[in-house]
Amino acid sequence: MKKAPRTALKIAAVYTATSLILSGMVSLGIGRQTIFRHRAPFTLIEVDFSTVDGIEPDGHIYGHNHLGEYIGFGIDRDTYPEGLKIVSVMLWNPLNNYSDDIVERYDILSFE
């Protein structure tokens, strides 16, 4: 009877460790696209360091992250002025492998 709880704890520990390792790899840009395409069922938490570059003709604010990739910030010019440094933390949907399925995103503004 005691084997079942230990087995469940081991499975949970392996799942958590794998999710953390994959999250770190994604944030560092290691195997990023492959991990995103095959992430289910793991929970990925991505951390991006970004800079606001400007405003598109339609009013959307854009920038680039520490890997040189495009990132959008909405349309609030007062919150996201050009040159602002931002740390974004994104939780990717663990239930599928869709390319843009972020469940939750938090932008932490830097006032340097």
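Residues numbered from 1 in each chain as written. Predicted model: local features only at pLDDT ≥ 70, side-chain atom pairs only at ≥ 80, totals over all residues. Heavy atoms only, no water.

**Q** Help me get a handle on the sheet that holds strand β5 (residues 102-110), residues and values and all.
**A** Pairing in this open sheet of five strands is antiparallel, and the strands run β3-β2-β1-β4-β5 from one edge to the other. Strands with a single pairing partner mark the edges of an open sheet, and in this sheet they are β3 (70-72) and β5. Along the sheet, successive strands turn relative to each other by an average axial angle of 35 degrees, direction set aside. Where strand β1 (residues 44-55) meets strand β2 (residues 61-65), five bridges bridge the pair, whose relative direction is antiparallel. Bridge assignment links T51 to a residue of β2, and that residue is H64. (Pairing = 2+ DSSP bridges. Helix = DSSP H or I, 4+ residues; strand = E, 2+ residues; numbered from the N terminus. Axes fitted to C-alpha atoms, helices over the stretch in contact; angles between N-to-C directions.)

**Q** I'd love a proper account of the environment of H38, names of residues and values included.
**A** Tracing the backbone shows H38 in the loop between α2 (32-37) and β1. Owing to a relative accessible area of 55%, H38 belongs among the exposed residues under this scheme. Sequence spacing of H38 and L95 is 57 residues, and the spatial spacing of their C-alpha atoms is 11 Å. (Buried < 20%, exposed > 50% of the residue type's maximum accessible area, 1.4 Å probe, protein only.)

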